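# Structural description and commentary
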Amino acid sequence: MLSFRVINMRMDLVYTKLLEHYGYQGWWPLVSMKGKKGFDNLGYHPNDYSYPKTRGQMFEIIIGAILTQNTAWKNVEKALINLYTKRVAVPEKIIEMDFTSLATLIRSAGYYNQKTVRLKTIAEWFNSTNFNIPTLSLRKKLLSLKGVGPETADSILLYAFKRPVFVVDAYTLRMFERLGFGKLTYDSAQGIVHKSFKTLSDDDKVKVFNEFHALIVAHAKEHCKKRPMCEQCPLYNLCKMNGKR
DNA sequence: CCCCAGGGAATTC
DNA sequence: GAATTCCATGGG
């Protein structure tokens, strides 16, 4: 007998449930907005998708995306604050600064030798590229940079350039697999989400993908951890695990 | 496809 | 206080 599983997950329902439970996440947090009125002191801006507003904020998101590779955001924040304190959070300074000084400033973000190279590479790219090209072309250019893989490229596309691209990460794969999708790859997981929201306008996709990714991170930290905490899980009724294990 | 190095800091033992 | 955990990317 043929055994198969059909999953017809309402991805919009997953999104809605997460949003109801965790609320607006306010990504991408901008350290440079610290203390500005109307925002809390971490630079979050819940349910306001109008950022980045300046080229400087755009660049902050890009270097943040590099620095947060394989690293908790808290450690990245320290590195970003160091860069702002020393007034070098701009592409020109990143490019001309000597290797060791830059590496020292970003030490808290880990992998500082690799990330120093990557920051210099992307700063050069940022200052010599016309971003006004189709999303897929821009994505290819980003992926061609050494140290920029799919997650970093898509984070930059979505959060810095406001392109309608969903960001997949390890949390996304873990959560989707538990929900009942089979083994997933980066591209298959992204495809599922893109397909699920294909009727939205590009502007709405940017908002939903922004929030959805941030909500998945929140959910993976609170409930869908490596060792899952299924009690009180907002997705309990949708999930294939359904509390087991 | 798998495995490992890269690094610091939070979490858990 | 020491061991374990977290995790993107690239290269073998």
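Residues numbered from 1 in each chain as written. Chains lettered and ligands numbered in written order. Predicted model: local features only at pLDDT ≥ 70, side-chain atom pairs only at ≥ 80, totals over all residues. Heavy atoms only, no water.

### Quick notes on helix H8 (residues 150-160)
Counted residue by residue, H8 has nine buried out of 11 residues, so it is predominantly covered. Among the residues of H8, Thr-152, Ala-153, Asp-154, Ser-155, Ile-156, Leu-157, Leu-158, Tyr-159 and Ala-160 are the ones counted as buried. Summarising the contacts, the buried residues of H8 are in contact with helix H2 (55-67), helix H6 (112-127), helix H7 (135-143), helix H10 (186-196) and helix H11 (202-222). Within two residues after H8, Lys-162 carries a phi angle of roughly 55 degrees, on the positive side. (Buried < 20%, exposed > 50% of the residue type's maximum accessible area, 1.4 Å probe, protein only. Helix = DSSP H or I, 4+ residues; strand = E, 2+ residues; numbered from the N terminus. Contact = heavy atoms within 4.5 Å.)

### Focus on the protein's contact with DNA strand B
Neighbouring residues of DNA strand B: Asn-70, Thr-71, Asn-75, Lys-78, Arg-107, Ser-108, Gly-110, Tyr-111, Tyr-112, Asn-113 and Gln-114. For DNA strand B, the fraction of atoms within 4 Å of the protein that belong to sugar or phosphate moieties is 67%. In this structure, a base nitrogen belonging to DNA strand B sits 3.0 Å away from a main-chain N or O atom of Asn-70. Tyr-112 is positioned with one of its side-chain polar atoms (N or O) 2.8 Å from a phosphate oxygen of DNA strand B. (Near = heavy atom within 4 Å. Polar contact = N/O pair within 3.5 Å; in protein donor to acceptor, adjacent residues only side chain to side chain.)

### Here's the deal with the nonpolar core
By size, the foremost hydrophobic cluster in this structure holds 79 residues, and its most contacted members are Phe-176 and Phe-212. In terms of residue count, H11 provides more of this core than any other element does, nine residues in total. No fewer than three residues from each of domain 1 (11-25 + 167-238) and domain 2 (50-160) sit in this core. With near-sequence residues (within four places) excluded, Phe-176 lies in contact with Met-11, Phe-181, Leu-184, Ala-189, Val-193 and Ile-216. (Core = buried A, V, L, I, M, F, W, Y, C linked by side-chain atoms within 4.5 Å. Domains from an automatic or database assignment.)

### Observations concerning the packing of aromatic side chains
Counting across every chain of the model gives 16 aromatic pairs. Seen in terms of ring centroids, Trp-28 and Tyr-159 are 5.4 Å apart; in terms of plane orientation they differ by 55 degrees. Their pairing is tilted. Within this pair, whereas Trp-28 is found in the loop between helix H1 (11-22) and H2, its partner Tyr-159 is found in helix H8, the two being separated by 131 residues in sequence. Comparing Trp-28 with Tyr-159 shows no difference in burial state: the two are buried. Between Phe-59 and Phe-126 the ring centres are 5.1 Å apart and the planes differ by 45 degrees, which places this aromatic pair in the tilted class. Within this pair, whereas Phe-59 is found in helix H2, its partner Phe-126 is found in helix H6, the two being separated by 67 residues in sequence. The burial state of Phe-59 is the same as that of Phe-126; both residues are buried. Taken together, Tyr-15, Phe-166, Phe-197, Phe-209 and Phe-212 form an aromatic cluster joined through their ring pairs. (Phe/Tyr/Trp six-rings, centres within 6.5 Å; stacked < 30°, edge-to-face > 60°.)

### What to know about the protein's contact with DNA strand C
Close contacts around DNA strand C come from 17 residues, with Asn-70, Gly-147, Thr-152, Tyr-171 and Lys-226 the closest. For DNA strand C, the backbone portion of the atoms within 4 Å of the protein, that is sugar and phosphate, comes to 70%. Contact between DNA strand C and Gly-149: a phosphate oxygen at 3.0 Å from a main-chain N or O atom of the residue. Going through the elements one at a time, H8 and helix H9 (170-179) are the ones with two or more residues in the surface near DNA strand C. Here the surface near DNA strand C is composed, by residue class, of five nonpolar, six polar and six charged. (Nonpolar A, V, L, I, M, F, W, Y, C, P; charged D, E, K, R; others polar.)

### Here we look at the domain arrangement of chain A
The domain boundaries assigned to chain A delineate domain 1 (11-25 + 167-238) and domain 2 (50-160). Each of domain 1 and domain 2 has a C-alpha centre, and these two points are 25 Å apart. Of the residues lining the interface, 10 residues belong to domain 1; the matching set on domain 2 comes to seven residues. With both sides pooled, the region where domain 1 packs onto domain 2 buries about 700 Å², and carbon together with sulfur makes up 62% of that total. For the domain 1 face of the interface with domain 2, the top three residues by lost area are Val-167, Tyr-186 and Asn-210, together amounting to 57%. The tally of links from domain 1 across to domain 2 stands at zero salt bridges. Joining domain 1 to domain 2, the criterion identifies four residue pairs in polar contact (both at pLDDT 80 or more). Mapped by element, the contributors of at least two residues to the side of domain 1 that touches domain 2 are H10 and H11. (Buried area = accessible area lost by both parts, 1.4 Å probe. Salt bridge = Lys/Arg side-chain N within 4 Å of Asp/Glu carboxyl O.)

### Considerations on H1
In this model, H1 (12 residues) spans 16 Å end to end at C-alpha, consistent with the 16 Å of a helix rising 1.5 Å per residue. Listed in full, the buried residues belonging to H1 are Met-11, Val-14, Tyr-15, Leu-18, Leu-19 and Tyr-22. Considered in projection along H1, the buried side chains sweep an arc of 130 degrees and stay on one side of the axis. For H1, the elements touching its buried residues are H9, H10 and H11. (Expected span 1.5 Å × (residues − 1). Arc of directions from axis to C-beta.)

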